[in-house]
Amino acid sequence: MVYENPDGIRIGLEVHVQLNKLKTKLFCGCSTEYHDSEPNTHVCPVCLGLPGSLPVLNEKAVEFAIKVGLALNCSIVEQTQFHRKNYYYPDLPKNFQTTQYDFPIAANGKIIIEGEDGEHVVGITRAHIEEDPARLQHMGTIDRSKGTLINYNRSGMTLIEIVSEPDMRSPKEARRYLEKLKSILDYLGVFDGDLEGAMKADANVSVFWGDRVEVKNISSFKGLERALVYEIMRQKNHIRRGGEIVMETRHFDEARGVTISMRTKEEEHDYRYFPEPDLVPLRVADWVPGIRETLPELPDAKRERFMEQYGLGETHARALTTEIKVANFFEEVAAKVDPKDAAVWVSDILKGELNYRELSIDAFTVEDIVAVVELVTGNKITEQSGVEIIRTVLDDGGKPQDIVEKKGLLKVEDDIVATAVEEAIAENPDAVADYLGGKEKSLNFIVGKVMQKTKGRADAREAREKVLAKLNE
Amino acid sequence: MAAWTDISGIRQKIADSSAEEVTASYIETIGKSKINGFTTVSDEAINAAREIDSNGHEGPLAGVPIAIKENISTKGLSTTCSSKILQGYVPPYDAHVIEKLKAAGAVILGKTNMDEFAMGTSTESSYYGPTFNPWDMDRVPGGSSGGSAAVVAAGEAPVSLGSDTGGSVRCPAAYCGVVGIKPTYGCISRYGLISYANSLEQIGPLATNVADIATIMDVVAGYDSRDSTSINRENTYSDALKDDVKGMKIGVPEEYFGEGIDENVEKAVWDSISKFEDMGATYEKVSMPHTKYALASYYIIAMSEASSNLARFDGTRYGYRADGDNWHVMASKTRAEGFGPEVKRRILLGTYALSAGYHDKYYLKALQVRTLVKQDFDRALANVDVLMAPTMPAPAFKIGEKIDDPLSLYLADVNTVPINLAGVPSISVPCGLSDGMPVGLQIIGKHFDENTIIRAAYSFEQNTDHHTRRPPEVA
């Protein structure tokens, strides 16, 4: 099956990723751990753009960026070069952004996504390093605001902008691309996707192979799909009414789920790029082989391996390899129990319960899930009890064994009663015959024997029902 | 005091009395000044001197007062680039050179006047009004470090720091009859120097004599990890203070004696070269054919960089702020009201030169010319040890004479800007008078070969008396 792309949709994404696992900012020594801090506490003359301050390139940031480039199958530039992108905006402390221009750190890569018609290749045009601006907090909405507060804690954080080719043919593919990208970045350990502002996307969208419109301000997977669905519908409707799509930049209003025109091509900025005189080129060609060796096994390779090594189906393998933490968790579990059971319990059950509670895999231990799987596969508890144990651990805490006891989930109790019932029936054929002959009281005698055998641990009513059931077989 | 005293003289005075007394006497002199060289005298200077007295005068500059150009960041001391737009800006940090000076025991006396954002050759474009040349109060002190040169010439400070983007240390040194050096690019950290054109500029000291220049260089030069263009290279500049130029080969670029050169300047420079011959050096004429393009290249590069460097002055975080209903109006009005006409001219020209459609024609072309100018220096300096030329083609002009004619002002930089394009070091020393006004001899060296130009300048000083001439009022 080949996807026909009937509406001639082309989507390209520019994804800004904050490399927030770096310890310090891109051009100064300020700490990157500002997320829980008071505004303007992680700042210095450099990231405030004070007169006379100068940038010094964070070599670790370059290393991280090369790692990303290699993971996206890009070629890496010989030496770094930075440019100034000049424009006036209150979130820019210098009124220019130090970024990369004609020599991005990485270019010409690709990643594979699950497309509309199976595996689909999305080209990576380039990936470049740049500094994050400050954070503006408007008092009110962007178009009607009484004032704006500026928090420079974010200013100077390392961003990597990853630009794709317009290879995606539906909002779903765009979402898959973003998910795949996040997965790869997660594997590399260069960013924590859960932090505020960790990942943002601008989308270029066109329909019927026409001119593109840029949609800015997309900050979530869900938002991306919604923005694209809306924008594609808008463009199609506009054309249907005889309109023409002009190249423009639109803003996605997440609250209303619509895109709003910001400026047309004619109003585009002239950024007057020129080489940043305060930074010297850094030769990185020699770094590349060493960095390549540190690359971890990436999601695609891991998925293949999981299928082969553990005999998993593709769905399980994919679900278990999206997040590196989940994959590692699974492998630890699979080392102790049957991998297929591990896959079912980690991927289908545990992840479902975690997602429902918006928790990460860190909320559960390998030891506990192994215990649950062993209880179930050892036939000591039912599957339903296994699920209940997981829920209890997540909601109230505690260890599986304790929960089993506290809640009396052990199947073993049933077995003892069942065995006692069988024995009591086998050992008292006269009473059985009496009962079957119509003497109701003989039943009480048999139940009494069961209670004797279980030393009173069995529930009398339950014992009675079991005896009845057995006698009526 | 109003007398010229070198660093060793100052240190003697401190030993005889105290750093506090020495600093106080300079502050008293500044109080009577008529030249408007200082923009701010530090309230902390006396305290700093007192502290040095109580700490036993440690450090190579213990108690030595020094004047600092308005564009070098000083913690707690106003740093405005002589511009309205930085009115009230007090840096929360010290520039690298200030840290070094303080560690060496120097006393920061105050800040000196300059052309607004170092854009000028006369110190007339300052928001604080012009500085007057101590040799003739009707004339400019040169620029842009006019205040730093004038206060040294007037005996209001023994030494000072300036900055040189296209001649801004050497020009006022020449016009005010003092010594000034523009070191090799990368020699002194620019951390804390408010950028005008970052690929061209260096901080440089000014003094009444070459030995003091070497002493200050020993303190302020050297690697700083906060400036990526700073070079990690050890050097002791005072090692070069030797009276010995025997066998030194001097190149004299004929292009530096071009049209419009003042007769007396030409004569003073040639007399100096003859003097060097007497002292055992030899000279030959060399050609630097791309000199004529240097000025255009320099101004395009400097203005382009400036247009970006000065973008941050928008009233949001510091300095002057105009009122406005929204940020863009506020920022635009701040810039319209805060910058002077020359700064606006350069920002506009630089913006134009970098704009789409003109970028290749102007900015890129200027970079190509810069490479050619650099090659001129490489070629010329391959065969000689130093180059010698007039620092400025003519002595100091009258205040108001050129301020409305930017082009003629730009032309005055013809002999200084090629040096910044090439990044080589150059020192200007007094070498005579023209109608009573000082003339500067420029000695240019190879990259990081400051010691050879310092040796040449020192030897010249030892064998001549030009450097002993004082402005009439100071004598």
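Predicted model only: the values in this text are computed from it and were never measured. Along each chain, numbering runs from 1 in the same order as the chain's sequence is written. To label them, take the chains in the order written and letter them from A, then take the ligands in the order written and number them from 1. Given that the model is predicted, a residue must reach a pLDDT of at least 70 before its local features are reported, and side-chain atom pairs must reach 80 or more before they are shown or counted; all residues, however, enter totals for whole chains, interfaces and linings. Excluded from the side-chain calculations are hydrogens and water; all other atoms, namely the structure's heavy atoms, are used.

## Notes on the overall build of chain A
Now for step 1: A count of helical and extended segments in chain A gives 15 helices and 14 strands.
Now for step 2: Based on C-alpha atoms, the radius of gyration is set beside the globule rule, defined as 2.2 Å times the residue count to the power 0.38. Computed over its C-alpha atoms, the radius of gyration of chain A comes to 31 Å, more than 25% above the 23 Å expected for a compact globule of 473 residues.
Now for step 3: Its C-alpha atoms give chain A principal-axis dimensions of roughly 105 × 55 × 50 Å.
Now for step 4: In chain A, the proportion of contacts linking residues at least 24 apart, taken out of those at least 6 apart, comes to 67%.
Now for step 5: Accessible surface computed for chain A: about 22700 Å², of which carbon and sulfur atoms make up 48%.
Now for step 6: Only four residue types enter the tally: Lys and Arg on the positive side, Asp and Glu on the negative side; His and the chain ends are excluded. Lys charges are placed at NZ, Arg charges at CZ, Asp charges at CG and Glu charges at CD. Positive and negative side-chain charges in chain A, numbering 62 and 81 respectively, have mean positions lying 2 Å apart. Strands here are runs of E lasting at least two residues and helices are runs of H or I lasting at least four, both read from the DSSP assignment and numbered beginning at the N terminus. We call two residues contacting when some pair of their heavy atoms lies within 4.5 Å. Shrake-Rupley sampling with a 1.4 Å probe provides the accessible areas, and residues are treated as covered by the protein chains on show and by no other component.

## Some thoughts on unusual backbone geometry
Now for step 1: Along the chain, B:Gly143 connects to B:Ser144 via a cis peptide bond; the corresponding omega equals 5°.
Now for step 2: For A:Asn5, which is not glycine, the phi dihedral falls at a positive 50°.
Now for step 3: By secondary structure assignment, the location of A:Asn5 is in the segment before strand 1 (10-18).
Now for step 4: Look at A:Trp209: it is not a glycine, yet its phi comes out positive at around 55°.
Now for step 5: Within the secondary structure layout, A:Trp209 lies in the loop between strand 10 (199-206) and strand 11 (213-218).

## A closer look at the side chain of B:Asp314
Now for step 1: Tracing the sequence through the fold places B:Asp314 in the loop between helix 9 (291-309) and helix 10 (327-338).
Now for step 2: The cut-offs for exposure are 20% and 50% of the maximum accessible area for each residue type, with area from a 1.4 Å probe on protein chains only; residues under the lower value are buried, those over the upper are exposed, and the others partly exposed. For B:Asp314, a relative accessible area of 1% puts it in the buried group.
Now for step 3: In this structure the side chain of B:Asp314 is engaged in a polar contact, spanning 2.8 Å, whose partner is the side chain of A:Asn95.
Now for step 4: Between N or O atoms, a polar contact is any pair within 3.5 Å; within protein, one atom must be a potential hydrogen donor and the other a potential acceptor, and residues adjacent in sequence are included only when both atoms are from side chains. Within the structure, B:Asp314 has its side chain in polar contact with the backbone nitrogen of B:Thr316 (distance 2.8 Å).

## Topic: the UniProt feature "domain: Amidase" (unreviewed entry) in chain B
Now for step 1: UniProt positions are given in the numbering used here, feature names are shortened, and annotations may be inferred rather than shown by experiment. The sites that carry the UniProt feature "domain: Amidase" (unreviewed entry) are, in the present numbering, residues 21-453 of chain B.
Now for step 2: Secondary structure across residues 21-453 of chain B divides into 36% helix and 15% strand, with the first and last C-alpha atoms of the span separated by 35 Å.

## What to know about the UniProt feature "active site" (unreviewed entry) in chain B
Residue and element names in this part refer to chain B.
Now for step 1: Mapped onto this numbering, the UniProt entry annotates "active site" (unreviewed entry) at Lys69, Ser144 and Ser168. Considering the C-alpha atoms alone, the annotated residues occupy 100 residues of sequence yet fold into one spot, their largest mutual distance being 10.9 Å. Residues from the named set that contribute to the lining of the second largest cavity are Ser144 and Ser168.
Now for step 2: Tracing the backbone shows serine 144 in the loop between strand 3 (107-112) and helix 5 (146-153).
Now for step 3: In terms of polar contacts, serine 144 uses its side chain to reach the side chain of lysine 69, at 2.7 Å.
Now for step 4: Note that serine 168 resides in the loop between strand 4 (159-164) and helix 6 (170-176).
Now for step 5: Not counting chain neighbours up to four residues away, the residues in contact with serine 168 comprise Lys69, Ala118, Gly120, Gly143, Ser144, Ser145 and Ser163. In the cavity and pocket records, a cavity denotes points on a 1 Å grid over the protein atoms alone where a 1.4 Å probe fits but cannot get out, a pocket denotes an open set with protein on both sides within 12 Å along at least 5 of 7 lines, and lining residues are residues with an atom within 4 Å of a point.

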